[in-house]
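Working through the structure, step by step
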Amino acid sequence: MAASSNDFNSWKEIGLDDCRAMLRKFRDDNERRSEEIVELYEECLDSKMHKLGNEKWIVYEQVCIAALDCARQDIAQKCIAALRHQFPDSSRVRKLIGMQHESLGSFEKAEKVYDSIQQTDESNSHVRKRRIAMLRALRKVPEAIVELNTYVKQFMSDYEAWLELCDLYISENDYTKAAYCIEELLLSNPHNHLYHQRYADVHTFLPDFTRYRHALTIMVCRHSCSIYTLSLSLLADSLHARWNGEYRIS
């Protein structure tokens, strides 16, 4: 079993095998533990990357993304240089260069990089998601919604994209379309209690017409409560569903 980060008082105490195992676990669990990854690299890996064999290339990519998260441009540039030397024509490396431009606030340069990637690979989902993230960072929410709608039509099974689109609609107070996004997720994964909770959360804001406010409020609360109850049937110890369900009843 791989050691956890809590097993060590200092990263200097960790061996190469444990370091490698921890980075693998972060990748397998899709955990973006950026600060820990940067510290691992500086204290344990920097001078030992050659000992990782071919695994060093995916580690370079992992460390680069973590370094960009932590504004460590020195480490990010070092990783990009190593990857670029090994894979000069790789779209994944060019995507990292685009992300580096984003982290520096050079969004026009980043967009040019992403454009060049899409010219040779129109179906590159990672680059399209980077463009959407960039629009959101620039607070261009309507443009991000348009791009994301185009994206989910092509990649309908991307659950993260549907959740992101839901968040964007909520930020624009468009709860009807936010509910539709969750419905798409429920159709593909009806036993996910988190989707049911999110669906109930959205329904508490649907709709609010002045003329029928009281009647609609009662109907919406009852409907939300039933969804929270369904969520509890899928995960009995869900505090979120239990508290909200009881609150709606009261």
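**Quick look at the packing of aromatic side chains**
According to the stated counting rule, one finds 4 aromatic pairs in the structure shown. Centroid distance tryptophan 57 to phenylalanine 87: 5.6 Å. Interplanar angle 85 degrees. Geometry classified as edge-to-face. Of this pair, tryptophan 57 sits in helix 3 (residues 55–69) while phenylalanine 87 sits in the loop between helix 4 (73–86) and helix 5 (91–103), and the two are 30 residues apart along the sequence. Residue classification places tryptophan 57 among the buried positions, given a relative accessible area of 17%. In this structure an aromatic cluster arises from ring pairing among Trp57, Tyr60 and Phe87.

**Observations concerning the nonpolar core**
As a rule of thumb, nonpolar side chains are buried together in soluble globular proteins. By size, the foremost hydrophobic cluster in this structure holds 38 residues, and its most contacted members are Leu23 and Leu45. Breaking this core down by element, the ones donating at least two residues are helix 1 (16–28), helix 2 (34–45), helix 3, helix 4, helix 5, helix 6 (107–120) and helix 7 (125–137). Of the residues forming this core, the biggest block, 8 residues, is contributed by helix 3. If near-sequence neighbours (up to four positions away) are discounted, leucine 45 is found in contact with Leu16, Cys19, Leu23, Leu40, Leu52 and Val59.

**Here's the deal with unusual backbone geometry**
A positive phi angle is found at arginine 139, which is not glycine, with a value near 60 degrees. Residue asparagine 173 is not a glycine yet carries a positive backbone phi of 60 degrees. Considering the arrangement of structural elements, one finds asparagine 173 in the loop between helix 9 (159–171) and helix 10 (175–188). Look at asparagine 173 and you get exposed, because its relative accessible area is 55%.

**Concerning the packing of helix 7 against helix 8 (residues 141–154)**
For the pair helix 7 and helix 8, interaxial distance at closest approach is 8 Å and the crossing angle is 160 degrees. It follows that helix 7 is roughly antiparallel to helix 8 by the angle criterion. Here the hand of the crossing between helix 7 and helix 8 comes out left-handed. Across the interface between the two elements, Ser125, Arg128, Lys129, Ile132, Leu135 and Arg136 of helix 7 pack against Glu143, Ala144, Glu147, Leu148, Thr150, Tyr151 and Gln154 of helix 8.

Reading guide: rules and limits
- Sequence order as written defines the numbering, with residues in each chain counted from 1.
- The predicted nature of this model means local features are confined to residues of pLDDT at least 70 and side-chain atom pairs, given and counted, to a pLDDT of 80 or more, with totals for whole chains, interfaces and linings taken over all residues.
- Values shown for side chains rest on all heavy atoms present in the structure; no hydrogens or waters enter the calculation.
- Pairing of aromatic side chains here covers Phe, Tyr and the six-membered ring of Trp, requires ring centres within 6.5 Å, and sorts the geometry by plane angle: under 30 degrees stacked, over 60 edge-to-face, intermediate tilted.
- Only runs of H or I of at least four residues qualify as helices and only runs of E of at least two qualify as strands under DSSP, and these elements are numbered from the N terminus.
- Classification of residues uses two cut-offs on accessible area relative to the type maximum, computed with a 1.4 Å probe and protein chains only: under 20% is buried, over 50% is exposed, and between them is partly exposed.
- Among buried residues, those of type Ala, Val, Leu, Ile, Met, Phe, Trp, Tyr and Cys that are joined through side-chain atoms within 4.5 Å constitute a nonpolar core.
- Any two residues whose heavy atoms approach within 4.5 Å are treated as being in contact.
- Lines fitted to the C-alpha atoms define the axes, with helices restricted to the stretch that makes contact. Angles between their N-to-C directions range from 0 to 180 degrees.
- Orientation labels follow simple angle bins: below 35 degrees gives roughly parallel, above 145 gives roughly antiparallel, 65 to 115 gives roughly perpendicular, and whatever is left gives oblique.
- Rotating anticlockwise by less than a right angle from the far helix to the near helix defines a left-handed crossing, while the corresponding clockwise rotation defines a right-handed one.

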